[in-house]
Amino acid sequence: MSWIQGTVTPASLTEASQVLGGDNGGLQWMPRGGGTLLGRGARPREPVFAFDLSKCGRVIEHAYDDLTVTVEAGISMASLQHTLAEHGQWLPLSIHPDPRSTIGGWIAADKRTPLAGNWGSVRDYLLGIAWMDGRGRTLRAGGRVVKNVAGYDLMKLHTGALGELGVIVEATFKVLPSPAEWGAVTVASPDATVPRRALEGAPQLFPAGLWRYDIGYGERLALVFAGSRTRVNAQMNRAQVLLGSTADTLDSTGTLSLVAELERGTRPESSCVAWGGALPEWLTGERLGVGSHWCVDLLRGHFWSRWDGDESALARARSALRAGEGHMHLDACSDEPLVNPWGWRSEGAELLSGLKRALDPERRYVEGRWPAH
Amino acid sequence: MIDLDRDLERIVGPDGIVRDPRLRMVYECDGYTLDRRVPERVVLPATIDDVKRVMQLAHEAGWPIVPRGAGTGLAGGTLAAPGALVIALTRLRAIETLDPLNRQALVQAGVANLAISKAALPYGLHYAPDPSSQSVSTLGGNIAGNSGGPHTLKTGVTTNHVLALELVTSDGASRWLGSRAPGLPGPDVTGLVVGSEGTLGLVTRAWVRLVPVPPATRTLLAAFPGVDEASRAVSAILRSGIVPAAVELMDAPILEALHAAFKLEFPQNAGALLLVEVDGLEEGIEEDAQHVIDACRQCGAFEIERATTDADRRRLWMARKKAFGALGRLARNYCTQDGVVPRTKLPEMLRFIAEVGRDAGIRVANVFHAGDGNLHPILLYDERNEHEVQAVLEASARILERCLELGGSLTGEHGIGVEKLALMDRAFSAESIAAMDRVRRVFDPNRRMNSGKAIPEGGGCFDGNAGLGRVRPGREVPL
């Protein structure tokens, strides 16, 4: 690729520090995890050297009785989930991650899946991080305990920063007990009143997902539940009443397959992915209209859709989203970033530039990937 | 010559400025009373536009700014710097929008935390963070401190519930950060501002997330022989695979104070009580409660009371909620600490706290968020006795340093303020603190926003804090 001049893959964090502290010929570093979201963000201003942390992926401490885990950032999400599962726990960000996807990349890209509607995103679980600055020095923010307000939450700034502020080398998360049971009730092409009723008129429903989606078989609505068998069964019964006699039910296996399928749709594998957010109530009745496969989270208002390359459809969707206070962006399906993936410019451009200067004063890390530039 | 004080009055009106020195004494401290300083200027703007104009005027005058809410902070975060203008936002009391369909509300900074939940209740919703001061503490103060509370074990703290906020920086400029819609790209600057203790700017209003009120709750009060057994039960409960809504621990001195003050009765020989609440759907809640009961019994609980009605629940919570009010029966003054340890270290840490109390010759009571590992050792003293004051300060430092040694934090929800500033270099490296200071100066190049709080100035080496409070344990406050 033209914009990545080469790749350095340190074997340890000690080596990573030494490399960063040395001379790289004036090129900027671009932190790289599994490389699954290199197509997110705008094209960097200058050619870069990729700084690949995939060999730095140890579990430093899984304090399972404290419901926390500390890992090196190069660990894959899949591997982390496997470690947690040994003690009946999980990080509720992903059911079926791309095997290459790393924790550092997940944070840097603020990667989200349909699970974010109920469980939130990586920022909600990130207790602390360590990162290396442009000289290879390790800096820290947050900590390893579940409650901590000492110092600025600089881990929040690294979330979504696409590696512009430094390379994340370590992260601590709070984790949760895994749900014992999953279940879902789905129905074809409901009108907009159905999801509204699910949110307003059914206080006995606490869905783990409320999704409109089309994954190739027509539009459907799914109410997904997770938790103890008793609670899942009770809610499934209520959801069936709400969705009517044409509703289908899915057991644990079927529900996890559906979640995995929807999660797969968030990855820019065979086509670009349009993603973003809007007010959930607005999304109950609107169609994104940029591609055939899509999923809308009606709990918080995330959405994802394949984008088939129709620029005018994209422009219409972005324009329509303004009514729902929304925003839509594109992830490229190759490692080559798009020229204008954001379609939106942060009003805080000057502020973001200042933060970049504050944390990377020598401009050793990649620049130009944010919507502010 | 421009009379800036006259200009200030023109903006906020004569009743928006506190001139009487006796009334200004109200603003000499917050809930942390070891350090005090009467501010020279206090204003109470009534509109967001007035806040911006006051900030612009302060910018022209070069006045340091001290933001203030209800003054319930416990780390001296509202202590006034010399020459500072205290801007109290308690008059910004409007809930501008309540949007039950999107489960969001636009709330001004001076609205009390509990008022948000009360407004949302008719829609079956509430605002989840619930600091113990929630009936008076304001949303603005909660955002500055990233406040938690007893029920945040399950639902998270303030940062998990703030979607967007309006920030007025020291130059008087205002901007919205964040979005009502999720997933805004770029660094999460909203998350940075939450918990920054008013050092990055003044938050005037925010969009917050509302969540459904759980339809069913079970509250249990378990009596243990001592804190060791009770704190071991905390890990046992979490190991059972459920996440309770709250797990609160009270030790023997607290029970003694509650009995003396309110005649509350507790099981005989109870050395500690654990208050545990589980919530969710009615279906399954008995299973959760039984998990808690089993875990408590395995760890030595000899009596467990459970609430079956709302009245029962309020009665069981009464001890927890009245605990701080009861302490006046034991001592003239008290200082509440706020360290955090991993939950599994609670037994070890509580033994250490008792040892520190014995060494210092002061009584220490404990009532705290055990489920979060968030300790609140309460050091009892008489402020007229300088020897006791010194002992409290030194004991506090020992306790917090031990929290760090055990892998914990200096503060779980009260903030650094002026109180713990001198310990920041124990928690973070000089490079990390310097990075935080550079971030601060992006928002406030001249460090006029709440200077001397939260982050040591001068790139990591502690070099004093704008003439405020203590530099090391001891009293150096211009009273």
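The rules behind each value
Residues numbered from 1 in each chain as written. Chains lettered and ligands numbered in written order. Predicted model: local features only at pLDDT ≥ 70, side-chain atom pairs only at ≥ 80, totals over all residues. Contact = placed C-beta atoms within 7 Å. Helix = DSSP H or I, 4+ residues; strand = E, 2+ residues; numbered from the N terminus. Nonpolar A, V, L, I, M, F, W, Y, C, P; charged D, E, K, R; others polar. Core = buried A, V, L, I, M, F, W, Y, C linked by C-beta atoms within 7 Å. Buried ≥ 20, exposed ≤ 12 C-beta atoms within 10 Å, placed from the backbone. Domains from an automatic or database assignment. Arc of directions from axis to C-beta. Axes fitted to C-alpha atoms, helices over the stretch in contact; angles between N-to-C directions. Parallel < 35°, antiparallel > 145°, perpendicular 65-115°, else oblique. Expected span 1.5 Å × (residues − 1).

Novice: Is there a simple way to explain the interface of chain B and chain A in this structure?
Specialist: Size of an interface, as often reported, equals the accessible area lost when the parts are brought together. In this complex, chain B contributes 67 residues to the contact, which on the side of chain A involves 65 residues. Examining the composition of the side of chain B that touches chain A, we find that seven residues originate from one element, helix α15 (residues 430-443) of chain B, more than from any other. For the side of chain B that touches chain A, the class distribution of residues is 29 nonpolar, 27 polar and 11 charged.

Novice: In this structure, what is going on with the nonpolar core? I would like to understand it.
Specialist: It is characteristic of soluble globular proteins that their nonpolar side chains tend to be buried jointly. One finds A:Val169, B:Ala222, B:Ala233, B:Leu273 and B:Leu274 to be the most contacted residues of the largest nonpolar core, which totals 261 residues. Apart from residues lying up to four places away in sequence, B:Leu274 is in contact with B:Ala222, B:Phe224, B:Ala230, B:Ala233, B:Val247, B:Leu249, B:Cys296 and B:Ala370.

Novice: Would you explain the domain arrangement of chain A in this entry?
Specialist: Examined at the domain level, chain A breaks down into domain 1 (1-178 + 345-373), domain 2 (181-264) and domain 3 (272-331). Across the side of domain 1 of chain A that touches domain 3 of chain A, the residue classes break down as three nonpolar, three polar and two charged.

Novice: Before we go on, may I ask you to explain helix α1 (residues 13-21) of chain A in this structure?
Specialist: Counting along an α-helix, one turn takes 3.6 residues, and residues three or four places apart therefore face a common direction. All names here are of chain A. The complete set of buried residues in α1 reads Leu13, Ala16 and Leu20. Taken down its axis, α1 places every buried residue within 50° of arc, on the same side. Residues of α1 that are exposed and point over 90 degrees away from its buried face: Thr14 and Gln18. Where α1 is buried, its residues contact β5 (68-72), β7 (126-132) and β9 (167-174).

Novice: Please explain the domain arrangement of chain B as it appears in this structure.
Specialist: All names here are of chain B. Segmentation of chain B into domains returns domain 1 (4-88), domain 2 (95-212), domain 3 (214-330) and domain 4 (333-364 + 375-413). Between the C-alpha centres of domain 3 and domain 4 the distance comes to 23 Å. Counting residues at the interface gives 10 residues for domain 3 and nine residues for domain 4. Among the elements that line the side of domain 3 that touches domain 4, the one with the most residues is helix α8 (residues 227-239), at seven residues.

Novice: Help me out: how do you make sense of the packing of helix α1 (residues 4-12) of chain B against helix α3 (residues 48-61) of chain B in this one?
Specialist: When two helices pack together, their arrangement is given by the angle between their axes and by how far apart the axes lie. Residues and elements named next belong to chain B. Contact pair α1 / α3: the axes reach a minimum separation of 9 Å and the direction vectors enclose 170°. When the interaxial angle is binned, α1 and α3 end up roughly antiparallel. Packed against α1, whose contacting residues are Leu4, Asp7, Leu8, Ile11 and Val12, the element α3 presents Asp50, Arg53, Val54, Leu57 and Ala61 at the interface. Classifying every residue of the contact of α1 with α3 by side-chain character gives seven nonpolar, no polar and three charged.

Novice: Could you clarify how one ought to interpret unusual backbone geometry in this entry?
Specialist: With the exception of glycine, the majority of residues adopt a negative phi angle, and the majority of peptide bonds are in the trans configuration. Of note in the backbone geometry, A:Asp110 takes a positive phi value of approximately 50° without being a glycine. Following the sequence through the fold, A:Asp110 ends up in the loop between α3 (103-109) and α4 (116-119). Unusually for a residue other than glycine, B:Asn146 sits at a positive phi of about 50°. Examined against the element boundaries, B:Asn146 turns out to sit in the loop between α5 (139-145) and α6 (152-155). What makes B:Asn146 buried here is the crowd of 26 C-beta atoms within 10 Å.

Novice: How should helix α12 (residues 346-360) of chain B be read in this particular structure?
Specialist: All names here are of chain B. If you check α12, its first and last C-alpha atoms are 21 Å apart, about what 15 residues at 1.5 Å a residue would give, namely 21 Å. Looking at α12, one finds that the buried residues are Leu346, Met349, Leu350, Ile353, Val356, Gly357 and Ala360. Viewed end-on, α12 has its buried residues packed into an arc of 115°, placing them on one side of the element. Among the exposed residues of α12, those pointing more than 90 degrees away from its buried face are Arg358 and Asp359. The inward-facing, buried residues of α12 abut α8, β17 (364-369), β18 (377-381) and α13 (386-405). At the C-terminal side of α12, Gly361 shows a positive phi close to 70°.

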